[in-house]
Amino acid sequence: MKILDVLYYYYYLIYTKVIPDVEPNETTIFCLGFSFGYPLFCVVNFILAFFCLETDLFLSITILASPMLVLYLLYWKTARYKIVIRKKPMFLNSHIKTKIIVGIFFFISVSFMFWGAPLAKFIDEQIGCEQRVPVEQIIVKWIVGFFQQ
(Lines give C-alpha, C1' and ligand atoms only; values in the text may rest on other atoms or scores of the structure.)
Protein backbone atom coordinates (compact mmCIF):
# COMPACT_ATOMS: atom_id res chain seq x y z
CA MET A 1 0.00 0.00 0.00
CA LYS A 2 2.94 2.32 0.65
CA ILE A 3 4.03 2.05 -2.97
CA LEU A 4 0.60 3.14 -4.13
CA ASP A 5 0.57 5.98 -1.59
CA VAL A 6 3.95 7.23 -2.79
CA LEU A 7 2.88 7.08 -6.43
CA TYR A 8 -0.36 8.87 -5.57
CA TYR A 9 1.46 11.62 -3.68
CA TYR A 10 4.03 12.26 -6.39
CA TYR A 11 1.42 12.25 -9.14
CA TYR A 12 -0.52 14.69 -6.95
CA LEU A 13 2.57 16.92 -6.73
CA ILE A 14 2.77 16.97 -10.51
CA TYR A 15 -0.81 18.21 -10.75
CA THR A 16 -0.41 20.85 -8.07
CA LYS A 17 3.08 22.23 -8.72
CA VAL A 18 4.20 21.37 -12.27
CA ILE A 19 0.88 21.28 -14.16
CA PRO A 20 -1.57 23.13 -11.89
CA ASP A 21 -5.07 21.72 -12.13
CA VAL A 22 -8.41 22.79 -10.71
CA GLU A 23 -9.07 19.32 -9.25
CA PRO A 24 -5.64 17.72 -8.72
CA ASN A 25 -7.02 14.74 -6.73
CA GLU A 26 -9.39 13.63 -9.49
CA THR A 27 -6.70 14.13 -12.13
CA THR A 28 -4.24 12.15 -10.00
CA ILE A 29 -6.71 9.26 -9.68
CA PHE A 30 -7.40 9.30 -13.42
CA CYS A 31 -3.74 9.46 -14.49
CA LEU A 32 -2.47 6.95 -11.93
CA GLY A 33 -5.33 4.62 -12.87
CA PHE A 34 -4.38 4.95 -16.52
CA SER A 35 -0.72 4.32 -15.61
CA PHE A 36 -1.81 0.95 -14.19
CA GLY A 37 -4.66 0.24 -16.60
CA TYR A 38 -2.94 0.64 -19.94
CA PRO A 39 -0.01 -1.72 -19.21
CA LEU A 40 -2.55 -4.21 -17.83
CA PHE A 41 -4.58 -3.80 -21.02
CA CYS A 42 -1.46 -4.45 -23.14
CA VAL A 43 -0.52 -7.57 -21.17
CA VAL A 44 -4.07 -8.92 -21.57
CA ASN A 45 -3.85 -8.21 -25.32
CA PHE A 46 -0.52 -10.09 -25.50
CA ILE A 47 -2.11 -13.10 -23.83
CA LEU A 48 -5.21 -12.95 -26.03
CA ALA A 49 -3.08 -12.64 -29.17
CA PHE A 50 -1.02 -15.64 -28.08
CA PHE A 51 -4.15 -17.78 -27.70
CA CYS A 52 -5.79 -16.43 -30.91
CA LEU A 53 -8.56 -14.69 -29.01
CA GLU A 54 -10.14 -11.40 -29.98
CA THR A 55 -11.23 -8.76 -27.50
CA ASP A 56 -14.14 -6.39 -27.82
CA LEU A 57 -14.64 -2.77 -26.88
CA PHE A 58 -16.47 -3.55 -23.62
CA LEU A 59 -13.64 -5.76 -22.31
CA SER A 60 -11.04 -3.18 -23.31
CA ILE A 61 -12.84 -0.35 -21.54
CA THR A 62 -13.37 -2.55 -18.48
CA ILE A 63 -9.67 -3.36 -18.26
CA LEU A 64 -8.69 0.30 -18.68
CA ALA A 65 -11.28 1.64 -16.23
CA SER A 66 -10.92 -0.94 -13.44
CA PRO A 67 -7.75 0.55 -11.89
CA MET A 68 -9.36 4.00 -12.00
CA LEU A 69 -12.41 2.66 -10.18
CA VAL A 70 -10.25 0.92 -7.57
CA LEU A 71 -8.21 4.09 -6.97
CA TYR A 72 -11.40 6.15 -6.79
CA LEU A 73 -12.85 3.84 -4.16
CA LEU A 74 -9.54 3.56 -2.31
CA TYR A 75 -8.58 7.23 -2.21
CA TRP A 76 -11.54 9.46 -2.96
CA LYS A 77 -14.47 7.65 -1.33
CA THR A 78 -12.52 6.88 1.85
CA ALA A 79 -10.80 10.31 1.90
CA ARG A 80 -7.46 8.48 2.14
CA TYR A 81 -5.97 11.09 -0.19
CA LYS A 82 -6.03 13.62 2.68
CA ILE A 83 -3.95 11.29 4.86
CA VAL A 84 -1.48 10.59 2.04
CA ILE A 85 -1.04 14.28 1.25
CA ARG A 86 -0.51 15.07 4.94
CA LYS A 87 2.03 12.21 5.43
CA LYS A 88 4.06 13.04 2.29
CA PRO A 89 5.32 9.46 1.79
CA MET A 90 8.53 8.68 -0.07
CA PHE A 91 10.80 5.75 -0.87
CA LEU A 92 14.03 5.21 1.08
CA ASN A 93 13.46 8.52 2.94
CA SER A 94 14.85 10.40 -0.05
CA HIS A 95 12.98 12.87 -2.21
CA ILE A 96 15.47 12.49 -5.08
CA LYS A 97 15.38 8.67 -5.10
CA THR A 98 11.59 8.75 -4.97
CA LYS A 99 11.44 11.10 -7.96
CA ILE A 100 13.70 8.75 -9.90
CA ILE A 101 11.61 5.66 -9.03
CA VAL A 102 8.32 7.42 -9.85
CA GLY A 103 9.86 8.72 -13.09
CA ILE A 104 10.90 5.21 -14.08
CA PHE A 105 7.39 3.91 -13.32
CA PHE A 106 5.86 6.72 -15.37
CA PHE A 107 8.27 6.12 -18.26
CA ILE A 108 7.53 2.39 -18.32
CA SER A 109 3.77 2.89 -18.20
CA VAL A 110 3.83 5.53 -20.95
CA SER A 111 6.18 3.43 -23.08
CA PHE A 112 3.47 0.78 -23.35
CA MET A 113 1.60 3.21 -25.60
CA PHE A 114 4.43 3.06 -28.13
CA TRP A 115 5.45 -0.59 -28.12
CA GLY A 116 2.36 -2.37 -26.74
CA ALA A 117 0.27 -2.49 -29.91
CA PRO A 118 3.16 -3.35 -32.28
CA LEU A 119 4.23 -6.18 -29.96
CA ALA A 120 0.68 -7.57 -29.80
CA LYS A 121 0.52 -7.42 -33.61
CA PHE A 122 3.90 -9.15 -33.86
CA ILE A 123 2.76 -11.92 -31.51
CA ASP A 124 -0.40 -12.30 -33.55
CA GLU A 125 1.57 -12.59 -36.81
CA GLN A 126 4.08 -15.06 -35.36
CA ILE A 127 1.36 -17.35 -34.00
CA GLY A 128 -0.39 -17.31 -37.39
CA CYS A 129 -4.01 -17.50 -36.30
CA GLU A 130 -6.30 -18.37 -39.19
CA GLN A 131 -9.39 -17.52 -37.20
CA ARG A 132 -9.66 -15.43 -34.07
CA VAL A 133 -12.29 -16.42 -31.53
CA PRO A 134 -14.05 -13.61 -29.63
CA VAL A 135 -13.11 -13.85 -25.96
CA GLU A 136 -16.77 -13.32 -24.93
CA GLN A 137 -17.64 -16.73 -26.39
CA ILE A 138 -14.99 -18.38 -24.23
CA ILE A 139 -16.16 -16.53 -21.11
CA VAL A 140 -19.81 -17.49 -21.75
CA LYS A 141 -18.79 -21.15 -22.26
CA TRP A 142 -16.86 -21.12 -18.97
CA ILE A 143 -19.77 -19.59 -17.09
CA VAL A 144 -22.34 -21.98 -18.60
CA GLY A 145 -20.03 -24.96 -17.96
CA PHE A 146 -19.51 -23.86 -14.36
CA PHE A 147 -23.25 -23.71 -13.64
CA GLN A 148 -24.01 -26.98 -15.43
CA GLN A 149 -21.76 -28.99 -13.11
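This text goes with the structure placed above it.
Parameters and conventions
- Every chain begins its residue count from 1, and numbering advances along the sequence as written.
- Only residues with pLDDT of at least 70 are given local features in this predicted model, and only at 80 or more are side-chain atom pairs given and counted; all residues enter the totals for whole chains, interfaces and linings.
- Think of the side-chain values as coming from all heavy atoms in the structure, minus any hydrogens and water.
- Numbering of helices and strands runs from the N terminus; a helix is a DSSP stretch of H or I covering at least four residues, while a strand is a stretch of E covering at least two.
- Under the scheme applied here, a residue whose accessible area is under 20% of the maximum for its type counts as buried, over 50% as exposed, and between as partly exposed, the area being computed with a 1.4 Å probe on protein chains only.
- By definition in these notes, contact holds between two residues if any of their heavy atoms fall within 4.5 Å.
- Between the rings of Phe, Tyr and Trp (Trp by its six-membered ring), a pair exists once the centres lie within 6.5 Å; its type follows the angle of the planes, with under 30 degrees stacked, over 60 edge-to-face, and the other angles tilted.
- Fitted lines through C-alpha atoms serve as axes, helices being fitted only where they are in contact, and the angles separating the N-to-C directions of these axes extend from 0 to 180 degrees.
- Oblique is the label for any angle not covered by the other classes, which are roughly parallel (under 35 degrees), roughly antiparallel (over 145) and roughly perpendicular (65 to 115).
- For any pair of crossing helices, the crossing counts as left-handed if the nearer helix is rotated counterclockwise from the farther one by less than a right angle, and right-handed if it is rotated clockwise.
- Residues enter patches when their relative accessible area tops 30% and they take part in no salt bridge; the joining distance is 9 Å for like charges and 5 Å for the nonpolar side chains Val, Leu, Ile, Met, Phe, Trp and Tyr.
- Shrake-Rupley sampling with a 1.4 Å probe provides the accessible areas, and residues are treated as covered by the protein chains on show and by no other component.
- Here a salt bridge means any side-chain nitrogen of Lys or Arg lying within 4 Å of a carboxyl oxygen belonging to Asp or Glu.
- The nonpolar class holds Ala, Val, Leu, Ile, Met, Phe, Trp, Tyr, Cys and Pro. Asp, Glu, Lys and Arg form the charged class, and all remaining residues, Gly among them, are polar.
- Pairs of N or O atoms within 3.5 Å make up the polar contacts considered here, provided that, within protein, one atom can donate a hydrogen while the other can accept it, and that residues adjacent in sequence are counted only when both atoms are side-chain atoms.

Visitor: Is there a simple way to explain the side chain of Ser60 in this structure?
Guide: Counting through the fold element by element, Ser60 comes out in helix α3 (residues 57–76). Residue Ser60 is classed as buried on the basis of its relative accessible area, which comes to 11%. Apart from the residues lying within four places of it in its own chain, the contact partners of Ser60 are Phe41 and Thr55.

Visitor: I keep staring at the packing of aromatic side chains and nothing clicks. Help me out?
Guide: Geometrically, a pair of aromatic rings is defined through the distance of the ring centres and the angle of the planes. Taken as a whole, this structure holds 10 aromatic pairs when the rule is applied. Between Phe34 and Tyr38, the aromatic rings sit 5.7 Å apart at their centres with planes inclined by 25 degrees, giving stacked as the arrangement. Separated by four residues within a single helix, Phe34 and Tyr38 lie in helix α2 (residues 24–50), roughly one turn from each other. Note on Phe50 and Phe51: the rings are 5.1 Å apart at their centroids and 90 degrees apart in plane angle, and the pair reads as edge-to-face.

Visitor: I tried to follow the packing of α2 against helix α5 (residues 95–127) on my own but got confused; where do I start?
Guide: Angle between the axes and distance between the axes are the two parameters that describe a pair of packed helices. Relative to each other, α2 and α5 sit at 15 degrees, their axes nearing to 9 Å. Between α2 and α5, the angle is such that the two are roughly parallel. Crossing hand, α2 versus α5: left-handed. Facing Leu32, Phe34, Ser35, Phe36, Tyr38, Pro39, Cys42, Phe46, Ala49 and Phe50 of α2, the residues of α5 in contact are Phe105, Ser109, Phe112, Met113, Trp115, Gly116, Leu119, Ala120, Ile123, Asp124 and Ile127.

Visitor: Would you mind showing me how to read a nonpolar patch on the surface here?
Guide: A cluster of nonpolar side chains, contributed by Val43, Ile47, Phe50, Phe51 and Ile127, occupies part of the molecular surface with about 470 Å² of accessible area. Counting residues per element, the nonpolar patch draws most heavily on α2, which supplies three residues. Relative to the elements of secondary structure, Val43 occurs in helix α2.

Visitor: What is the right way to look at the packing of α2 against α3 in this model?
Guide: Direction vectors running N to C along α2 and α3 enclose 145 degrees, while the axes themselves pass 7 Å from each other. Where α2 crosses over α3, the two elements pack in a sense that is right-handed. Residues belonging to the contact of α2 with α3 are distributed by class as follows: 19 nonpolar, four polar and one charged.

Visitor: Help me understand the side chain of Ser109, please; the structure alone is not making it clear to me.
Guide: Position of Ser109 among the secondary structure elements: in helix α5. Taking the relative accessible area as the measure of exposure, Ser109 reaches 7% and is therefore buried. Here the side chain of Ser109 touches Phe106 through a polar contact of 3.0 Å, landing on its backbone oxygen. When residues no more than four places from it in sequence are discounted, the contact partners of Ser109 are Tyr11, Ser35 and Pro39.

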